[in-house]
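Secondary and tertiary structure notes
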Amino acid sequence: MSDDRFRSLYDEALKFHARGRPGKLEIKATVPMATQHDLSLAYSPGVAAPCLAIQKDPDAAYDYTSRGNMVAVISNGTAVLGLGNLGALAGKPVMEGKAVLFKRFADVDSIDLEVATEDVDEFVNSVRFLGPSFGGINLEDIKAPECFIIEQRLRELMDIPIFHDDQHGTAIISVAGLINALDLTGRSLKDIKLVVNGAGAAGIACLELVKAMGMPHGNAVLCDTKGVIYKGRTEGMNQWKSAHAVETRARTLDEAMKGADVFFGLSAKGAVTREMLRTMAAKPIVFAMANPDPEITPEEALSVRPDAIMATGRSDYPNQVNNVLGFPYIFRGALDVRARTINDAMKIAAAEAIARLARQDVPDEVAAAYRGKRLQYGPEYIIPAPFDPRLIEEVPMAVAKAAMESGVARRPIIDTHGYRQELRARLNPMAGALHLVSTFVEEHPKRIVFAEGEEESVIRAAIAFRNEGYGTPILVARQKVVQECVKRLGLGSLDGVEFQDLDLNAHEKEDVDFLYSRLQRQGSLYRDCQRLVHRNRNVLAACMVARGRADTMVTGVTRNYFDALRDIQMVIDPLPGQKVFGLTMIISKGGRTVFIADTTVHELPTPDDLAAITVQTAQIARGLGHEPRVALLSYSNFGNPMRERAQHVRKAVQMLHAMDLDFECDGEMSADVALNAELLAVYPFSRLSGPANVLIMPALHAANIGSGMLQSLGEGEVIGPLLMGLAKPVQIAPMGTTVRGLVNFALVAARQTTL
């Protein structure tokens, strides 16, 4: 990194940490504290109840306190990043940052503790006596060899996970990358020669983990600043280095590198030269992980060994060995089963899960984080990106399973499917909202047509739909085009994916006859219908659904919503007595779900329209697991003020109140009253027992603007707009919808088949 670039980053980082409330952390209550009653429950006298329960059963602390989701990040600042012994206070920004990462990536609450001592006994006692406060301890930035002693003693004294991330985090991510590099080069862990340069915490942890996974002791050579650690060496040795001493004639790093298959660098800038790389075996694997500058840069390495696979600790090069891929998720899995420790089985499971992710198709969220670059498994992508949203479900699941199988879990997970859904929902409220939908579709798989089947995002969505066990995707596409795309993107097999080519439709005549019977009195000739079936993907897909060759369809990626809707309505009618309308689901950051209708179809709905849409939306909300409380919105609250545009809402409410409804419904009211219990209480005559979760909008512009603002301001995740009211289930995704968004639309469409 150049001096100018470093200075710029340095100055920006200082401003980042100082702006607003200094630092990176704050503490917020998770319970309401608005009334005297709330206070009496949260503190005296109510708090006595959980205190007494925990006295009787210490494990009850996991039920009544935050202990089960709380990790302490603890350091004495003796090895801060690559900066050395800065002391406990100077290490605090790093520890705060670690706590932020725990929350951001795995929804683990964390607090930093800086212990101002370099005495091992004092440090151990400081931590051990704080044990009841936490579900786990993440040790950080403690120099070797003290870090080995501290971790071992704390593991012996405490019955919660103790994890020194500088050791094990680096080792786990490195080994995950190594698994994939060996896969790409056709080698086995049992047959390679490994050289590790750097005999500190991370270097020794890497060696211990690869040996635990099956590498023979004699195949690995450890080096430090004095050279090779060989049997019989006495200078600069300790018990941790001695454990990895081998019989070898090599005495220098240069000599050790000759014929080596793999190099792990956890040492210093410039420790490896081009000449050393020239002597390595074919297709060398070089992990130069010194920070901030690697032992050798990828440019230098690849200039002499273009066949090398490179990884570094830097984010500006491919294959970053980044500990954030590991520690948040490892603790997540360990906490969720209340593990007594984090053992080798759990570390190996984490490494293997991380490695597997890199071999799978990369989701849109990762591409977005890398400015649209589509990463693909290969020499420049052997380690997943930190922003891969699948890490939260794959790694904790693997860790929890390993903890159970190795006997260190105190609370085994019985429902693994439910646990996976819970993990998804921790960072993505949309996943929680769709849990009932996805579970149902898994149990009742459907045949779903993706009309724009040659689009890359649609192909990815179809394969994801198949992989997740939701049913059979059918692509309206030329099979050869899709096969070429799948091969280019490395998406694997197309088994289980079906095709419908516009030019090879065995049912074309029947489809044309069917369409002509519908449109012949609407100005369409037979040849017009032939052209539509033969050229219009939406019309063909809709015919497949209407005539029973598929259960449902998804379209919209390449067409304006209203154009796609027009195509579909040529083929599929509304349900008898029902309205076609758009429904948008907003899932707030707190997990609250609100349904908004109509967001796409009726520009100025009549009172009859509003009443019908209300009843249909309430039914849909209930079918998706929500007991509907419906508010018909306006600018006025129960007649104040009463003007012309509020009258049609008021009339719709009167019509609804005259019906025999089985759900709560009221209006006209403003949005703030509908959604706020305290404001709603101002109107004691209201028929709503609590804040509304279904909002019926007075006009299309209000619905579209309101839902769009919520999404753009980041106040919630959005599912929709969903198309409702057709005789056959169809969904039109907005242009630009992500792969995961398309899968969600497909899930809703599949669920609609039985609603």
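Residues numbered from 1 in each chain as written. Predicted model: local features only at pLDDT ≥ 70, side-chain atom pairs only at ≥ 80, totals over all residues. Heavy atoms only, no water.

**Some remarks on the environment of S634**
Put simply, the rule reads: Numbering goes from the N terminus for both helices and strands, where a helix is a DSSP run of H or I of at least four residues and a strand is a run of E of at least two. Whether two residues touch is decided by their heavy atoms; if any such pair falls within 4.5 Å, the residues are in contact. We call two N or O atoms a polar contact when they sit within 3.5 Å, provided that within protein one can donate a hydrogen and the other can accept it, with sequence-adjacent residues counted only if both atoms are side-chain atoms.
In this fold, S634 is placed in the loop between β17 (629-633) and α28 (644-657). For S634 and V649, which are 15 residues apart along the polypeptide, the C-alpha to C-alpha distance reads 7.1 Å. When neighbours within four sequence positions are excluded, S634 is seen to be in contact with A646, V649, E668, M669 and S670. A distance of 3.4 Å separates a polar atom in the side chain of S634 from the backbone nitrogen of S636.

**Description of the confidence of the model for the protein**
Do not read the predicted coordinates in detail wherever pLDDT is low. Filter applied, for reference: What pLDDT conveys is the predictor's confidence in a given residue, as a value from 0 to 100.
The pLDDT averaged across the protein works out to 90; a share of 96% of its residues lies at or above 70. Considering each helix and strand of the protein separately, the mean pLDDT is smallest for helix α19 (residues 429-433), with a value of 63, and largest for strand β5 (residues 194-197), with 97.

**Regarding the side chain of D165**
Take D165: it is sitting in helix α8 (residues 165-185). Excluding anything up to four places from it in sequence, D165 contacts K98, N138, L139, E140, T170, N323 and F327.

**Re the sheet that holds strand β4 (residues 162-164)**
What counts is decided by this rule: Being paired, for any two strands, means DSSP has found at least two bridges between them. Where helices are involved, their axes are fitted lines through C-alpha atoms of the stretch in contact, as for all axes, and angles between N-to-C directions lie from 0 to 180°.
Strands sit in the order β2-β1-β3-β4 across an open sheet of four strands; the sheet is parallel. Two strands bound the open sheet, and with one partner strand each, they are β2 (109-114) and β4. With direction set aside, neighbouring strand axes in the sheet form an average angle of 25°. Bridge analysis of strand β1 (residues 70-75) against strand β3 (residues 136-139) gives four bridges, and the strand direction is parallel. Note on β3: the bridge partner recorded for V71 is G136. Each of β1, β2 and β3 touches helix α5 (residues 92-106); the most contacted strand, β2, lies at about 170° to it. Packing of helix α7 (residues 146-157) onto the sheet brings it into contact with β3 and β4, and relative to β4 it is tilted by some 170°.

**Here we look at the packing of helix α14 (residues 327-336) against helix α17 (residues 391-405)**
What counts here: Working definition: roughly parallel below 35 degrees, roughly antiparallel above 145 degrees, roughly perpendicular at 65 to 115 degrees, and oblique for all remaining angles. Crossings are classed by handedness, with left-handed meaning an anticlockwise turn of the near helix from the far one by less than a right angle and right-handed meaning a clockwise turn. In this classification, the charged set is Asp, Glu, Lys and Arg, the nonpolar set is Ala, Val, Leu, Ile, Met, Phe, Trp, Tyr, Cys and Pro, and all remaining amino acids, among them Gly, are polar.
Between α14 and α17, whose axes approach to 7 Å, the crossing angle comes to 50°. Judged by the inter-axis angle, α14 sits oblique to α17. Crossing of α14 against α17: the hand is right-handed. Here α14 contributes Y329, I330, R332, G333 and A334 to the contact with α17, which in turn contributes L391, I392, V395, P396, V399 and A400. Split into classes, the residues belonging to the contact of α14 with α17 amount to nine nonpolar, one polar and one charged.

**Here we look at the pattern of salt bridges**
Two side chains carrying opposite charge are able to pair once their charged atoms lie near each other. Operational definition: We define a salt bridge as a side-chain nitrogen of Lys or Arg found within 4 Å of a carboxyl oxygen belonging to Asp or Glu. Throughout this description, buried means an accessible area under 20% of the type-specific maximum (1.4 Å probe, protein chains only), exposed means over 50%, and partly exposed covers the range between.
Considering all chains together, one arrives at 47 salt bridges under this definition. Linking D109 and K103 is a salt bridge whose minimum nitrogen-to-oxygen distance equals 2.8 Å. Taking the shortest distance from any N to any O, the salt bridge between D528 and R531 comes out at 3.2 Å. Of this pair, D528 and R531 both sit in helix α24 (residues 526-535), three residues apart, which is roughly one turn of that helix. A relative accessible area of 23% means that D528 is categorised as partly exposed. Through salt bridges with shared partners, a single ionic network connects K103, D107, D109, E422 and R426.

**Some words on the nonpolar core**
As a reminder, the rule being used: Side-chain atoms within 4.5 Å link the members of a nonpolar core, which is a set of buried Ala, Val, Leu, Ile, Met, Phe, Trp, Tyr and Cys residues.
Residues I137, L139, I172, L194, F264 and M346 are the most contacted members of the largest nonpolar core, which totals 100 residues. For I172, the contacting residues outside a window of four places in its chain are F163, L209, I330, K347, A350, A351 and I354.

**Notes on helix α22 (residues 479-489)**
Our working rule: For this quantity, the arc is that covered by the directions from the helix axis to the C-beta atoms.
Within the sequence span of α22, burial applies to V482, C485, V486 and L489. In a view along the axis of α22, the buried residues occupy a sector of 100°, so they form one face of it. Structural note: α22 exposes K480, K487 and R488 on the side pointing more than 90 degrees away from its buried face. Once α22 finishes, G490 follows within two positions and takes phi at roughly 65°, a positive value.

**Quick word on the packing of helix α15 (residues 344-358) against α17**
Two numbers describe how α15 lies on α17: the axes approach to 8 Å, and their chain directions differ by 150°. Judged on the interaxial angle alone, α17 and α15 are roughly antiparallel. The handedness of the crossing between α15 and α17 is right-handed. Side by side, α15 and α17 meet where A345, M346, A349, A350, A353, I354, R356 and L357 of the first sit next to L391, E394, V395, A398, V399, A402 and A403 of the second. Among the residues forming the contact of α15 with α17, the class breakdown is 13 nonpolar, no polar and two charged.

**Quick look at α17**
Worth spelling out the cut-off: Expected helix span is taken as 1.5 Å per residue step, with the number of steps being one fewer than the number of residues.
The terminal C-alpha atoms of α17 lie 21 Å apart, and with 15 residues this matches the ideal 21 Å at 1.5 Å per residue to within 8%. Most of α17 is tucked away: eleven of the 15 residues are buried. All of the buried residues in α17 are L391, I392, E393, V395, P396, M397, A398, V399, A400, A402 and A403.

**Topic: the packing of aromatic side chains**
The following threshold applies: Whether two aromatic rings pair depends on their centres lying within 6.5 Å, for rings of Phe, Tyr and Trp, where Trp uses its six-membered ring; planes under 30 degrees apart make the pair stacked, over 60 edge-to-face, and the rest tilted.
On inspection of all chains with the given rule, the structure shows 13 aromatic pairs. Taking the centre distance of 6.3 Å and the plane angle of 75° together, the rings of F450 and F465 count as edge-to-face. Residue F450 is found in strand β11 (residues 446-450), and its partner F465 is found in helix α21 (residues 456-467); the two are separated by 15 residues along the sequence. Assessed through its relative accessible area of 1%, F450 is described here as buried. Look at F465 and you get buried, because its relative accessible area is 0%. Look at Y561 and F562: their rings are 5.6 Å apart centre to centre, the planes differ by 70°, and that puts the pair in the edge-to-face class. A residue is classified by how much of its surface remains accessible, and Y561, at 11% relative accessible area, is buried. Three or more aromatic residues link up through ring pairs in this structure, and these residues are F102, F163, F327 and F331.

**So, the sheet that holds strand β10 (residues 309-312)**
Strands belonging to one sheet form pairs held by backbone hydrogen bonds; the direction of such a pair is parallel or antiparallel. As summarised here, the arrangement of the six strands in space is β7-β6-β5-β8-β9-β10, forming an open sheet in which the pairing is mixed. Edge positions in the sheet fall to β7 (227-228) and β10, since each of these pairs with one other strand and no more. Across four bridges, strand β8 (residues 262-265) lies against strand β9 (residues 285-288) in parallel orientation. Within the sheet, the bridge partner assigned to G265 lies in β9 and is A288. On the sheet, α8 packs against β8, β9 and β10 and is oriented at approximately 160° with respect to β9.

**Notes on unusual backbone geometry**
The omega torsion across A597 and D598 is -10°, close enough to zero to call that bond cis. Looking at the secondary structure, you find D598 in the loop between β16 (593-597) and α27 (607-623). In this structure, E668 follows G667 across a cis peptide bond, with omega equal to -10°. Note that E668 resides in strand β18 (residues 664-669). Of note in the backbone geometry, D107 takes a positive phi value of approximately 55° without being a glycine. On the secondary structure map, D107 appears in the loop between α5 and β2. Classification of D107 as buried rests on a relative accessible area of 17%. Residue K283 is not a glycine yet carries a positive backbone phi of 50°.

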